[in-house]
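Okay, here's what each chain looks like letter by letter:
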Amino acid sequence: MIDVKDIPAFTLIELLVSIALSALLIILLNNQIMNSISSDKIIKTKVEYRLEIENILSHLEADILSASHLPNGQKSFKSNNLNDQLNIAIKRIGISSINQELLGAEIIWNFSTSGISRSIRSKDGNFARTLSNRNIKAHIDKIGVNIIKIIIKSDNFTKSKLIEL
Amino acid sequence: MKKSNAFVLLELLLALTISAIAMTLFWKASDNRIVMLKKVEENYSYSRLISDFKILKKLNRPIVINTSHYSPLNLKVISNKIHILSQDSVIKEILE
């Protein structure tokens, strides 16, 4: 028969002290845990989203700068602004990824309350990509003959960029 | 009374200290991540500002910019000059 006294185990006092100390530590760490969670939320909702918009502005600028020229010397760039919804269409020449031939493509940017998307239409097919699914408002201001200002507004911030056509 | 091989107070305190250090490091890492992302955003805003400034200067237009569009950069436009007053990152310059 097993003698109960020989079995190694916690004593009642040790167990109570452990529980008391753990409870104390949880209370002390609770503030830190809550701060960590809220910091993480701030990063995701604010800072990363702001960077996402910065990236989109750079991407859009690169698309506009690479637009092909029309016979009148102007860049093939069309924009359509309606109730905070902005559509931009850019035409350019590229190389087909299928047969490496010269290919015309139309790049369409769509800014609306449901987010930002970029799609490409070409002989190779249609490709669409959602770059952001947050609620934004966007519009274009004409600054000069060949200068436009793209303004993107969200609930927390506004960013703008001048682009030379 | 015979002492058993039970968990002792010192071991418990050690375990709790390690947990506390781990939590603190996690918190610090989160804070550092925010600082790093803000610096990256500042650099983006700064290059956007420089690009916009060059375009306006090329057009010989007065420097009219909305400083809030370049947040988190702290800007002031005084008599056709942009003063970048302060920020956490190293970029600090006055454009003329």
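> Describe in detail the overall build of chain A, supporting the description with residues and values.
A count of helices and strands for chain A gives one helix and eight strands. Going from N to C terminus, chain A has its helices and strands arranged as α-β-β-β-β-β-β-β-β. Whereas a compact globule of 165 residues would reach a radius of gyration of roughly 15 Å, chain A reaches 29 Å, over 25% beyond that. For chain A, the spread of C-alpha atoms along the three principal axes comes to 100 × 40 × 20 Å. Counting over 165 residues, chain A shows a buried share of 15%. Taking the contacts inside chain A whose residues are at least 6 apart along the sequence as the reference set, 33% of them involve residues at least 24 apart.

> Any details on the nonpolar core? Residues and values, ideally.
Generally speaking, nonpolar side chains in soluble globular proteins are found buried as a group. One finds Leu60, Trp109, Phe111, Ile136, Ala138, Ile150 and Ile152 of chain A to be the most contacted residues of the largest nonpolar core, which totals 17 residues. Among the secondary structure elements, those contributing two or more residues to this core are helix H1 (12–65), strand E2 (85–95), strand E3 (102–112), strand E7 (147–153) and strand E8 (158–164) of chain A. No other element matches the four residues that H1 of chain A contributes to this core. Setting aside anything within four residues of it in sequence, one finds tryptophan 109 of chain A in contact with Leu60, Ile88 and Arg118 of chain A. Of all hydrophobic cores here, the second largest spans five residues; its members include Leu49, Tyr70, Leu73 and Leu75 of chain B.

> Help me get a handle on the environment of leucine 73 of chain B, residues and values and all.
Residues and elements named next belong to chain B. Residue placement: leucine 73 occurs in the loop between helix H1 (9–58) and strand E1 (74–78). Residue class for leucine 73 comes out buried when judged on the 22 C-beta atoms lying within 10 Å of it. Between the alpha carbons of leucine 73 and glutamate 41 there is a distance of 8.9 Å; along the sequence they are 32 residues apart.

> Account for the confidence of the model for chain B, with residues named and values stated.
Regions with low pLDDT carry predicted coordinates that are not meant to be interpreted in detail. All names here are of chain B. Across chain B, the average pLDDT comes to 77, with 80% of residues at 70 or higher. For chain B, per-element mean pLDDT is lowest for strand E3 (residues 94–95), which scores 52, and highest for H1, which scores 85. We note a pTM of 0.75 for the whole complex and an ipTM of 0.72 for its interfaces.

> How would you explain the sheet that holds E7 of chain A if you had to name every residue and give the values?
What the three strands build is an open sheet, ordered E6-E7-E8 (chain A); its pairing is antiparallel. Edge positions in the open sheet fall to strand E6 (137–142) and E8 of chain A, since each of these has one partner strand only. On average, each strand axis in the sheet is tilted by 20° relative to the strand beside it, whichever way the strands run. Pairing between E7 of chain A and E8 of chain A: seven bridges, direction antiparallel. Note that in E8 of chain A the partner of isoleucine 150 of chain A across the bridge is lysine 161 of chain A. The sheet strands contacting H1 of chain B are E7 and E8 of chain A, and the helix crosses E8 of chain A at an angle near 45°.

> Can you explain the interface of chain B and chain A? Please cite residues and give values.
Listed per partner, the contact involves 30 residues of chain B and 33 residues of chain A. Partitioning the side of chain B that touches chain A into residue classes produces 15 nonpolar, eight polar and seven charged.

> Quick rundown of the sheet that holds strand E5 (residues 125–132) of chain A? Include the residues and the values.
Residues and elements named next belong to chain A. Ordered by their spatial adjacency, five strands build an open sheet running E1-E2-E3-E4-E5, and the pairing between neighbours is antiparallel. Among the strands making up the open sheet, the edge pair consists of strand E1 (77–82) and E5. Between one strand axis and the next, the sheet turns by 15° as a mean value, whatever way the strands run. In the sheet, strand E4 (residues 115–122) pairs with E5 via seven bridges, with the strands oriented antiparallel. The residue of E5 that forms the bridge with serine 117 is threonine 130.

Rules behind the numbers
- Residues numbered from 1 in each chain as written.
- Chains lettered and ligands numbered in written order.
- Predicted model: local features only at pLDDT ≥ 70, side-chain atom pairs only at ≥ 80, totals over all residues.
- Helix = DSSP H or I, 4+ residues; strand = E, 2+ residues; numbered from the N terminus.
- Rg over C-alpha atoms; globule rule 2.2 N^0.38 Å.
- Buried ≥ 20, exposed ≤ 12 C-beta atoms within 10 Å, placed from the backbone.
- Contact = placed C-beta atoms within 7 Å.
- Core = buried A, V, L, I, M, F, W, Y, C linked by C-beta atoms within 7 Å.
- pLDDT = per-residue confidence, 0-100.
- Pairing = 2+ DSSP bridges.
- Axes fitted to C-alpha atoms, helices over the stretch in contact; angles between N-to-C directions.
- Nonpolar A, V, L, I, M, F, W, Y, C, P; charged D, E, K, R; others polar.

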